[in-house]
Amino acid sequence: MHLRRSPRLRRAGRAVAAYVRSAPGTYIWLAALFATTVVMHRMAPDRVDDFLRLRSTNIHNLSRHPVRALVRSALWIDGGKWLPYVVPYTVFHATAERWLGTKRWLAVVAIGHVLATYISEGVLLWAIRHGHAPRSAENTLDVGVSYGLASVEAVLTYAVVTPWRYAYGAGVLLFYGAALAEGRTFTDVGHVTSVLLGLACYPLTRGRPGRIDPAVAYRRLRGRLSPAG
């Protein structure tokens, strides 16, 4: 039996495909993370940590092959769960890439990932040298994409119209600041640093058309969901 797709389903499929094409960097990265996650799931569980540690941006790897460590760490997910990343990549990364353009978006990601990594690992190195952390922490497992995500979340502050811009920016700072106050780990330091770096990327946002207006978005959504819509 031949099943025909409804016009609404076809339109939805075309809309999704168009959205993906409009943010190629985001979805190529997401696809790469899917591939590496599949690889990780096929490993013996007792090998995963050692495997990821070789691709980690820890002090040991950064001091020997920094570029390789920085690139590799952005291609693996600690914990092995890929699906939860689809939503933040679509909401934040894709929105930022569509707004800034791929090159500027990638610059924000790189600034957050690289500089926050060095600053947070520098804090950890200071803690080791002053006896606040064990020497073994030089080989700690530190992979993932969260620093780049935090910097992009922060730079999107400038895409939001006022007065909502201040509420959004304060929310991002509060979210990561609360985690730092509670956890006080080097990773928490890295996340707050990423947010500050993202806010410092304001020059990359100048001249970019379009602004996000939550009030307008809400009215449109309400209109679509209403019985008459």
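Just so we're clear, the structure is a prediction, and the values are computed from it rather than from any experiment.

Thresholds applied
- Residues numbered from 1 in each chain as written.
- Predicted model: local features only at pLDDT ≥ 70, side-chain atom pairs only at ≥ 80, totals over all residues.
- Heavy atoms only, no water.
- Helix = DSSP H or I, 4+ residues; strand = E, 2+ residues; numbered from the N terminus.
- Buried < 20%, exposed > 50% of the residue type's maximum accessible area, 1.4 Å probe, protein only.
- Axes fitted to C-alpha atoms, helices over the stretch in contact; angles between N-to-C directions.
- Left-handed = near helix turned anticlockwise from the far one by under 90°.
- Contact = heavy atoms within 4.5 Å.
- Nonpolar A, V, L, I, M, F, W, Y, C, P; charged D, E, K, R; others polar.
- Expected span 1.5 Å × (residues − 1).
- Bend = angle between axes of the 7 residues up to and from the residue.
- Parallel < 35°, antiparallel > 145°, perpendicular 65-115°, else oblique.
- Phe/Tyr/Trp six-rings, centres within 6.5 Å; stacked < 30°, edge-to-face > 60°.

**Some words on the overall build of the chain**
Here comes step 1: Helix and strand content of the chain: 11 helices and 0 strands.
Here comes step 2: Overall, the chain shows an N-to-C arrangement of helices and strands of α-α-α-α-α-α-α-α-α-α-α.
Here comes step 3: Across its three principal directions, the C-alpha atoms of the chain cover 65 × 55 × 30 Å.
Here comes step 4: Per-residue burial over the chain gives 37% buried out of 229 residues.

**With respect to the packing of helix α5 (residues 66-73) against helix α7 (residues 102-129)**
Here comes step 1: For the pair α5 and α7, the least separation of the axes is 11 Å and the interaxial angle reads 115 degrees. You can see that α5 and α7 cross each other, and the crossing is right-handed. Contacts between α5 and α7 involve P66, L70 and S73 on the former and, on the latter, H113, V114, T117 and Y118.
Here comes step 2: In terms of residue class, the contact of α5 with α7 is made up of 4 nonpolar, 3 polar and no charged.

**Let's talk about the environment of G190**
Here comes step 1: Within the element layout of this structure, G190 appears in helix α10 (residues 186-200).
Here comes step 2: The spatial distance from the C-alpha of G190 to the C-alpha of V109 is 13 Å, given a sequence separation of 81 residues.
Here comes step 3: Here G190 is in contact with A116, S120 and Y147, once residues within four sequence places are set aside.

**Concerning helix α6 (residues 86-100)**
Here comes step 1: With 15 residues, α6 extends 20 Å between its outermost C-alpha atoms, agreeing within 8% with the 21 Å of an ideal straight helix rising 1.5 Å per residue.
Here comes step 2: Helix geometry: α6 is bent most strongly at H93, by close to 30 degrees.
Here comes step 3: Taken as a whole, α6 has its buried residues at P88, Y89, H93, A94, A96, E97, W99 and L100.
Here comes step 4: G101, located one to two residues past α6, shows a positive phi value of around 95 degrees.

**Some thoughts on the packing of helix α9 (residues 164-183) against α10**
Here comes step 1: Where α9 contacts α10, the axes come no closer than 8 Å and their chain directions differ by 155 degrees. It follows that α9 is roughly antiparallel to α10 by the angle criterion. Like other packed secondary-structure pairs, α9 and α10 cross with a definite hand, here left-handed. On α10, the residues that touch V172, L173, Y176, G177, A179, L180 and G183 of α9 are D188, V189, H191, V192, V195, L196 and L199.
Here comes step 2: Among the residues forming the contact of α9 with α10, the class breakdown is 10 nonpolar, 3 polar and 1 charged.

**Considerations on unusual backbone geometry**
Here comes step 1: Note that the residue after T162, namely P163, is joined by a cis bond; omega there is 5 degrees.
Here comes step 2: Within the element layout of this structure, P163 appears in the loop between α8 (146-155) and α9.
Here comes step 3: The backbone of R184 sits at a positive phi, close to 55 degrees, despite the residue not being glycine.
Here comes step 4: Tracing the chain through its elements places R184 in the loop between α9 and α10.

**Here we look at the packing of aromatic side chains**
Here comes step 1: Scanning all chains against the criterion turns up 6 aromatic pairs.
Here comes step 2: Both rings, one in F175 and one in Y176, keep their centres 5.0 Å apart while their planes meet at 90 degrees; by these two values the pair is edge-to-face.
Here comes step 3: The exposure class assigned to Y176 is buried, which follows from its relative accessible area of 11%.
Here comes step 4: Of the aromatic side chains, those joined through ring pairs into one cluster are W29, Y89 and W105.

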